[in-house]
There are 2 protein chains.
Amino acid sequence: MGQQVLDKNLKNKEVRVIIIEDYKLTRVGLRYALNEIENINVVAEAQNAEIGLELIKKEKPDVVLMDLGLPGINGLEATAQVKNISPDTKIIILTSHDREEEVIASLGSGASGYCLKDIDPITLSGVIKNVAKGACWIDSNVAHLALKVFPKPENTEIMSVSHSSEAKTRLTERENEVLKLLVQGKSNTQIAQELIVSVHTAKAHVCSILQKLCVDDRVQAAVKAIKEGIVSV
Amino acid sequence: MGQQVLDKNLKNKEVRVIIIEDYKLTRVGLRYALNEIENINVVAEAQNAEIGLELIKKEKPDVVLMDLGLPGINGLEATAQVKNISPDTKIIILTSHDREEEVIASLGSGASGYCLKDIDPITLSGVIKNVAKGACWIDSNVAHLALKVFPKPENTEIMSVSHSSEAKTRLTERENEVLKLLVQGKSNTQIAQELIVSVHTAKAHVCSILQKLCVDDRVQAAVKAIKEGIVSV
DNA sequence: TTGAATATTACCCAATTGGCTAATAAATAA
DNA sequence: TTATTTATTAGCCAATTGGGTAATATTCAA
């Protein structure tokens, strides 16, 4: 019950990080550097994607620092997999590759951040904390490559005042929690168990979500939530 | 050639900022807050784009903080213009609008950063410094909207032979039809009506879809269908 | 021709869902 | 202080869902 209150007050919630990097020296050095930073906790590290994905499945970290050039499964494929096994985990690519295709492909595969390895640890720690909250960060040396992807708008008129994300702001925090679980295919019973409330409560939340999103059932709610980006997939 | 070297050595280079924002209170408050920060210097401010663009032409600032909802020339147009009159100047959109079109259009018009107005000044100052160096930053509340733009890479090399195409090809044509309707939130009854078959038939199709996709209910089926691109949304 | 896959229909049954009203407590806003 | 919002719980009820088994017709490849 005090859970939300705790989360609200804990602005400085600890960010749990897993590092996937094949070079031991880089990997270990990075861990030591990051563990020096307040509110960042490197909970595990792996020298390849296979081991890393197992760890992610267990730990469900907030952030994964992912190298691109890994033996076996490469960082790109691993990034896509992380999104499957732990949708809420954010991925930051940490590499020395600055080719356009790799930057675009990384972000397309689900990464929220792209850092080159000459980044200083202080900046990196800031990036980790912010990406954990949902932000997007792209290193100064490759940002222009990524920004090219965004199409130039034809009419800079600013498309009137139609509110597509109007529904989003109407949902309460609790309802957003429920919606996220709903999208994961959880039943009312499962949602109730996860949030440690009665089934009636879960049901009530789902009902108000349906009304607020103006849909008839939970399938439509899930689809709409994905379409509008209310929950990440 | 010496550019990078210079930038690297001048870690504490002052960042020159211009603020374009119509509300005086916000504008002035922002200036005071930012001038408190080391290495950030607000060199000018304007309450509309016309004045702002003149100032930018004179001052050639490192960063412009741009409001979207401006009287006269709006922030989107202004952003594009800034890139014409001062190509090296970076633009950070500072707005309360969180609509997808505006986020995409802003980045497409040349902005390197997108912040919502409830950002705290400390974070904003960090964003300003990093965007000045060339980085890209998108606020945690809208980052997912921007990241959607990046296309999923087809060939992440190596494996990926797995799930997506496999599951898709396993579905029969009829099942794909049903799945599409299911994603639209149709009930078995509605699906049956649409396909002009009995409810039993629709139900049978849904059942085999669930089995083939290895999911427990239609919500998960819908989510998986969208995630794997089996149906387009 | 014959077997395999697909599409169709049907019935039974336990579980879940969504709509409805309604009460309580806590926090927030006016 | 009072009103509103939010989170929680509860019960009732009609409808839907998903699992199971099973039969029939069609098409297509071996």
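Note: the structure precedes this text.
Conventions used here
Residues numbered from 1 in each chain as written. Chains lettered and ligands numbered in written order. Predicted model: local features only at pLDDT ≥ 70, side-chain atom pairs only at ≥ 80, totals over all residues. Heavy atoms only, no water. Contact = heavy atoms within 4.5 Å. Buried area = accessible area lost by both parts, 1.4 Å probe. Salt bridge = Lys/Arg side-chain N within 4 Å of Asp/Glu carboxyl O. Polar contact = N/O pair within 3.5 Å; in protein donor to acceptor, adjacent residues only side chain to side chain. Helix = DSSP H or I, 4+ residues; strand = E, 2+ residues; numbered from the N terminus. Pairing = 2+ DSSP bridges. Near = heavy atom within 4 Å. Nonpolar A, V, L, I, M, F, W, Y, C, P; charged D, E, K, R; others polar. Buried < 20%, exposed > 50% of the residue type's maximum accessible area, 1.4 Å probe, protein only. Right-handed = clockwise from strand over helix to strand, strands pointing away. Phe/Tyr/Trp six-rings, centres within 6.5 Å; stacked < 30°, edge-to-face > 60°. Lys NZ or Arg CZ within 6 Å of the ring centre and 35° of its normal.

Now for the interface of chain B and chain A. On the side of chain A, 59 residues touch chain B, which itself brings 57 residues to the contact. Carbon and sulfur atoms supply 65% of the area that chain B and chain A bury against each other, a total of about 4,700 Å² over both sides. One can count zero salt bridges joining chain B with chain A. Counting across the chain B and chain A interface gives four residue pairs in polar contact (both at pLDDT 80 or more). Those elements that provide at least two residues to the side of chain B that touches chain A are α4 (75-85), α5 (100-109), α6 (121-133), β6 (136-138), α7 (143-147), α9 (173-183) and α12 (218-227) of chain B. By the bridge criterion, three bridges tie strand β6 (residues 136-138) of chain A to β6 of chain B in an arrangement that is antiparallel. Directly across from I138 of chain A, in β6 of chain B, lies its bridge partner C136 of chain B.

Taken together, 16 residues surround DNA strand C, and among them K203 of chain A together with T172, S198, T201 and H205 of chain B come closest. Among atoms of DNA strand C positioned within 4 Å of the protein, sugar and phosphate together represent 71%. A distance of 3.3 Å separates a phosphate oxygen of DNA strand C from a polar atom in the backbone of N188 of chain A. Among the elements of the structure, α11 (199-212) of chain A together with α11 (199-213) of chain B are those that each provide at least two residues to the surface near DNA strand C. For the surface near DNA strand C, the leading source of residues is α11 of chain B, giving five residues. The residue inventory of the surface near DNA strand C, partitioned by class, reads four nonpolar, seven polar and five charged.

Next up on the list: α12 of chain B. Counting buried residues along α12 of chain B, seven of its 10 residues qualify, which places the element largely inside the surrounding structure. Packed against the buried residues of α12 of chain B are α9 (173-183) and α12 (218-227) of chain A together with α9 and α11 of chain B. By the N-cap criterion, in which a side-chain oxygen at the helix start approaches the backbone nitrogen of a residue two or three places on, α12 of chain B is capped by D217 of chain B, the distance to V219 of chain B being 2.9 Å.

The subject of this paragraph is the pairing of strand β5 (residues 113-116) of chain A. Residue and element names in this part refer to chain A. On β5, burial covers both faces: G113 and C115 on one face and Y114 and L116 on the other are all buried. Note that strand β4 (residues 90-95) and β5 share four bridges and pair parallel. Across the sheet, residue I93 finds its bridge partner in β5, namely Y114. Handedness of the β-α-β unit built from β4, helix α5 (residues 100-108) and β5 comes out right-handed. Each parallel crossover has a hand, and the one from β5 via helix α6 (residues 121-133) to β6 is left-handed.

A word on the packing of aromatic side chains. Taken as a whole, this structure holds one aromatic pair over all chains when the rule is applied. Relative to F150 of chain B, the ring of F150 of chain A lies with its centre 5.7 Å away and its plane at 80 degrees, an arrangement referred to as edge-to-face. Highlighted residues: F150 of chain A in the loop between α7 (143-147) and α8 (166-170) and F150 of chain B in the loop between α7 and α8 (163-170), drawn from two different chains. Against the face of Y32 of chain A rests R31 of chain A, its NZ or CZ located 5.1 Å from the ring centre.

The next subject is the pattern of salt bridges. All names here are of chain A. What the rule picks out here adds up to 25 salt bridges over all chains. With its nearest N and O atoms 3.1 Å apart, the salt bridge here joins R174 to E177. One end of the pair is R174 and the other is E177, both in helix α9 and three residues apart, which spans about a single turn. One continuous salt-bridge network, built from bridges that share partners, spans E21, D67 and K117.

In the neighbourhood of DNA strand D, 18 residues make up the surrounding shell, with T172, R174, S198 and T201 of chain A together with K203 of chain B lying closest. Backbone atoms, meaning sugar plus phosphate, form 69% of the atoms of DNA strand D positioned within 4 Å of the protein. In the model, a phosphate oxygen of DNA strand D is placed 3.3 Å from a nitrogen or oxygen of the N188 of chain B side chain. In this structure, a phosphate oxygen belonging to DNA strand D sits 2.9 Å away from a main-chain N or O atom of R218 of chain B. If you list the elements that add at least two residues to the surface near DNA strand D, you get α11 of chain A together with α11 of chain B. Take the surface near DNA strand D: its biggest share by element is five residues, from α11 of chain A. Partitioned by chemical class, the residues of the surface near DNA strand D number five nonpolar, eight polar and five charged.

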